[in-house]
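Structural features, examined
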Amino acid sequence: MERFHNLTELPAIHPASREYFNSLPDDVREQIVSRGSSVHTARELHGYAAKLLRRDD
């Protein structure tokens, strides 16, 4: 699994992650960005976003 320095690097280098991140609702993206230093892989991005999306239900 490819590991990135932080959330800023992940979508810049990994196009599928950029596309996924950009498709998320604004409030979810904001929460992910606020904790971006702990998101290092595409799996972590998807997992964290899924948790946030479930909370909004």
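Our subject in this report is the structure included herewith. (Residues numbered from 1 in each chain as written. Predicted model: local features only at pLDDT ≥ 70, side-chain atom pairs only at ≥ 80, totals over all residues. Heavy atoms only, no water.)

A short note on the packing of helix α2 (residues 15-23) against helix α4 (residues 42-55)
The interhelical angle for the contact between α2 and α4, taken along N-to-C directions, is 15°, at an axis separation of 10 Å. As summarised for this structure, α2 and α4 are arranged roughly parallel, according to the angle between their axes. For the pair α2 and α4, the crossing hand works out as left-handed. The residues of α4 that touch α2, namely those facing S17, Y20 and F21, are A42, L45, H46 and A49. In the contact of α2 with α4, the residues fall into 5 nonpolar, 2 polar and no charged. (Axes fitted to C-alpha atoms, helices over the stretch in contact; angles between N-to-C directions. Helix = DSSP H or I, 4+ residues; strand = E, 2+ residues; numbered from the N terminus. Parallel < 35°, antiparallel > 145°, perpendicular 65-115°, else oblique. Left-handed = near helix turned anticlockwise from the far one by under 90°. Contact = heavy atoms within 4.5 Å. Nonpolar A, V, L, I, M, F, W, Y, C, P; charged D, E, K, R; others polar.)

Looking at the nonpolar core
One finds L7, L24, I32, V39 and L45 to be the most contacted residues of the largest nonpolar core, which totals 13 residues. Where this core is concerned, the elements lending two or more residues are α2, α3 (26-34) and α4. Of all the elements, α4 adds the most residues to this core, at 4 residues. (Core = buried A, V, L, I, M, F, W, Y, C linked by side-chain atoms within 4.5 Å. Buried < 20%, exposed > 50% of the residue type's maximum accessible area, 1.4 Å probe, protein only.)

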